[in-house]
Amino acid sequence: QVQLVESGGGLVQAGGSLRLSCAASGGTFSRYNMGWFRQAPGKEREFVAAINQNGGSTRYSDSVQGRFTISRDNAKNTQYLQMNSLKPEDTAVYYCAADLWGLLSRSPNVWAYWGQGTEVTVSS
């Protein structure tokens, strides 16, 4: 069973950038599809981006397409989310997710493993 730990969150001004990391342990990282979700206060958890096992296929939500980039380094058991041109509406807790069987699903219910989250705050 894989364990996930996010890092890299913080406070940034609108228009700035942050890079989130998710370190995995306890499983064969290269077997897992990986994803990022976020949850703002009072809102449901929503899909941000996902990447398949070898990094050859990615998927993004419409709201982050062109601004965020998901990537992974299987040698380091780590996935990343590069966030550029940040907006106040990107403020949320960002969660790393992993799954063996999903098809880069937008539904959080499909993803089996979750990290504890890292908070991102974008000031205007």
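Residues numbered from 1 in each chain as written. Predicted model: local features only at pLDDT ≥ 70, side-chain atom pairs only at ≥ 80, totals over all residues. Heavy atoms only, no water.

## Thoughts on the pattern of salt bridges
Alright, step 1. Under the criterion given, the structure shown has three salt bridges.
Alright, step 2. Between Glu-46 and Arg-38 there is a salt bridge, with the nearest N and O atoms lying 2.5 Å from each other.
Alright, step 3. Note that Asp-90 and Arg-38 form a salt bridge whose closest N and O atoms lie 2.9 Å from each other. A residue pair is termed long-range when its members are at least 10 positions apart, and Asp-90 in the loop between strand 8 (78-83) and strand 9 (92-99) and Arg-38 in strand 4 (residues 33-39) qualify at 52 residues.
Alright, step 4. Asp-90 gets classed as buried once you look at its relative accessible area, which sits at 0%.
Alright, step 5. One network of salt bridges, in which partners are shared, links Arg-38, Glu-46, Arg-67 and Asp-90. (Salt bridge = Lys/Arg side-chain N within 4 Å of Asp/Glu carboxyl O. Helix = DSSP H or I, 4+ residues; strand = E, 2+ residues; numbered from the N terminus. Buried < 20%, exposed > 50% of the residue type's maximum accessible area, 1.4 Å probe, protein only.)

## Re the side chain of Thr-118
Alright, step 1. With respect to the helices, strands and loops of the structure, Thr-118 is situated in strand 11 (residues 118-123).
Alright, step 2. Within the structure, the side chain of Thr-118 is placed 3.1 Å from the backbone nitrogen of Gly-9, a separation counted as a polar contact. (Polar contact = N/O pair within 3.5 Å; in protein donor to acceptor, adjacent residues only side chain to side chain.)

## So, the pairing of strand 11
Alright, step 1. Covered by surrounding structure in strand 11 are Thr-118, Val-120 and Val-122 only, the residues Glu-119, Thr-121 and Ser-123 on the alternate face being uncovered.
Alright, step 2. Pairing analysis gives four bridges linking strand 2 (residues 10-13) to strand 11, with the strands arranged parallel. Along strand 11, the bridge assignment pairs Val-12 with Val-122.
Alright, step 3. Where strand 9 lies against strand 11, three bridges are found, and the strand directions are antiparallel. Looking at strand 11, one finds that Val-93 is bridged to Glu-119. (Pairing = 2+ DSSP bridges.)

## Side note on the pairing of strand 5 (residues 46-51)
Alright, step 1. In terms of residue burial, strand 5 counts as a mostly covered element, since five of its six residues are buried.
Alright, step 2. Connecting strand 4 to the next strand, strand 5, in antiparallel fashion are six residues, including Gly-42 with a positive phi near 75°.
Alright, step 3. Strand direction decides the pairing type here: strand 5 and strand 6 (residues 58-60), joined by three bridges, are antiparallel. When the sheet's bridge partners are listed, Ile-51 is paired in strand 6 with Thr-58.
Alright, step 4. Hairpin geometry of strand 5 and strand 6 is characterised by an intervening segment of six residues between the two adjacent antiparallel strands and by a positive phi of about 80° at Gly-55.

## A look at the packing of aromatic side chains
Alright, step 1. With the rule as written, the count across this model stands at five aromatic pairs.
Alright, step 2. Between Tyr-32 and Tyr-113, the ring centres sit 5.9 Å apart and the planes meet at 80°, which makes this aromatic pair edge-to-face. On the criterion of sequence distance, the pair formed by Tyr-32 in the loop between strand 3 (18-25) and strand 4 and Tyr-113 in strand 10 (residues 113-114) is long-range, its members being 81 residues apart.
Alright, step 3. Considering the side-chain rings of Phe-37 and Phe-47, the 5.6 Å spacing of their centres and the 75° angle between planes classify their relative orientation as edge-to-face. On the criterion of sequence distance, the pair formed by Phe-37 in strand 4 and Phe-47 in strand 5 is long-range, its members being 10 residues apart. Exposure class is identical for Phe-37 and Phe-47. Each is buried.
Alright, step 4. Taken together, the aromatic side chains of Phe-37, Phe-47, Tyr-95, Trp-111 and Trp-114 make up a single cluster linked through ring pairs.
Alright, step 5. The aromatic ring of Tyr-95 is capped on one face by Arg-45, whose charged end is 3.7 Å from the ring centroid.
Alright, step 6. It is Arg-72 that lies over the ring of Phe-29; its NZ or CZ is 4.4 Å from the centre. (Phe/Tyr/Trp six-rings, centres within 6.5 Å; stacked < 30°, edge-to-face > 60°. Lys NZ or Arg CZ within 6 Å of the ring centre and 35° of its normal.)

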